[in-house]
Amino acid sequence: MKERKQAIFSVRMDSETKREFDAICNKMGISTAAAINIFAKQVVLEGGLPFRPTTRVAPVKQGLHDAFEALRKDAEKAGTADMTLDEINEEIRLYREGK
């Protein structure tokens, strides 16, 4: 296989984003350079961005978090926080049967 020439790629980003990006890459066991290379190769394969750009990601995640937190608190108040999956499924079955 023919060896490809290497090129240097430099990008500017705010330091907090870089710190978070580095930390996530580190948790995944890859370097930030490897992650950027993966991203670039996916852009080439897809012929565009490999995801749908949106500004709604954070609010949706926060909304889901808030909803789950409210459900958790309700379950604790109702004494149902310790239910097993089988018990939950039985409750759903009984509800569907109208009991």
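Rules used in this analysis
- Residues numbered from 1 in each chain as written.
- Predicted model: local features only at pLDDT ≥ 70, side-chain atom pairs only at ≥ 80, totals over all residues.
- Heavy atoms only, no water.
- Helix = DSSP H or I, 4+ residues; strand = E, 2+ residues; numbered from the N terminus.
- Rg over C-alpha atoms; globule rule 2.2 N^0.38 Å.
- Expected span 1.5 Å × (residues − 1).
- 1 Å grid on protein atoms, 1.4 Å probe; cavity = no way out; pocket = protein on both sides within 12 Å on 5 of 7 lines; lining within 4 Å.
- Points joined across faces, edges and corners; volume = space filled by probe spheres on them.
- Nonpolar A, V, L, I, M, F, W, Y, C, P; charged D, E, K, R; others polar.
- Salt bridge = Lys/Arg side-chain N within 4 Å of Asp/Glu carboxyl O.
- Buried < 20%, exposed > 50% of the residue type's maximum accessible area, 1.4 Å probe, protein only.
- Patch = residues over 30% accessible without salt bridge, like charges linked within 9 Å, V, L, I, M, F, W, Y side chains within 5 Å.
- Areas by Shrake-Rupley, 256 points an atom, 1.4 Å probe, with all protein chains shown as cover.

## Comments concerning the overall build of the protein
And then number 1: A count of helices and strands for the protein gives four helices and zero strands.
And then number 2: Ordered by position from the N terminus, the helices and strands of the protein form the series α-α-α-α.
And then number 3: Over its C-alpha trace the protein gives a radius of gyration of 23 Å, far above what one expects of a compact globule, namely 13 Å for 99 residues.
And then number 4: In terms of overall dimensions, the protein has C-alpha extents of about 70 × 35 × 25 Å along its principal axes.

## Comments concerning helix α2 (residues 32-46)
And then number 1: Its 15 residues place the ends of α2 21 Å apart at the C-alpha level, agreeing with the 21 Å of an ideal helix rising 1.5 Å per residue.
And then number 2: Of the residues flanking the end of α2, it is Gly47, one or two places downstream, whose phi is positive at about 75°.

## Examining the layout of surface pockets
And then number 1: Looking at the largest pocket, its volume works out to about 660 Å³.
And then number 2: Around the largest pocket, the lining is made up of 16 residues, and of these Ala7, Phe9, Ala33, Ile36 and Asn37 lie nearest the centre.
And then number 3: The element that contributes the greatest number of residues to the lining of the largest pocket is α2, accounting for six residues.
And then number 4: When the residues that make up the lining of the largest pocket are grouped by side-chain class, the tally is eight nonpolar, three polar and five charged.

## Regarding the pattern of salt bridges
And then number 1: Taken as a whole and judged by the stated rule, the model has six salt bridges.
And then number 2: Among the ionic pairs, Arg72 bridges to Glu69, the shortest N-O distance being 2.3 Å. Placement of the pair is Arg72 and Glu69 together in helix α3 (residues 57-78), with a separation of three residues, close to one helical turn.
And then number 3: A salt bridge links Arg93 to Glu97; the shortest N-O distance between them is 2.6 Å.
And then number 4: Taking relative accessible area as the criterion, Arg93 reaches 35% and is therefore assigned partly exposed.
And then number 5: Glu97 gets classed as partly exposed once you look at its relative accessible area, which sits at 42%.
And then number 6: Several salt bridges share partner residues, and in doing so they unite Glu69, Arg72 and Glu76 into one network.

## Observations concerning a nonpolar patch on the surface
And then number 1: A cluster of nonpolar side chains, namely Phe9, Val11, Met13 and Ile36, defines an oily patch on the protein surface of about 380 Å² accessible area.
And then number 2: Taking the relative accessible area as the measure of exposure, Phe9 reaches 65% and is therefore exposed.

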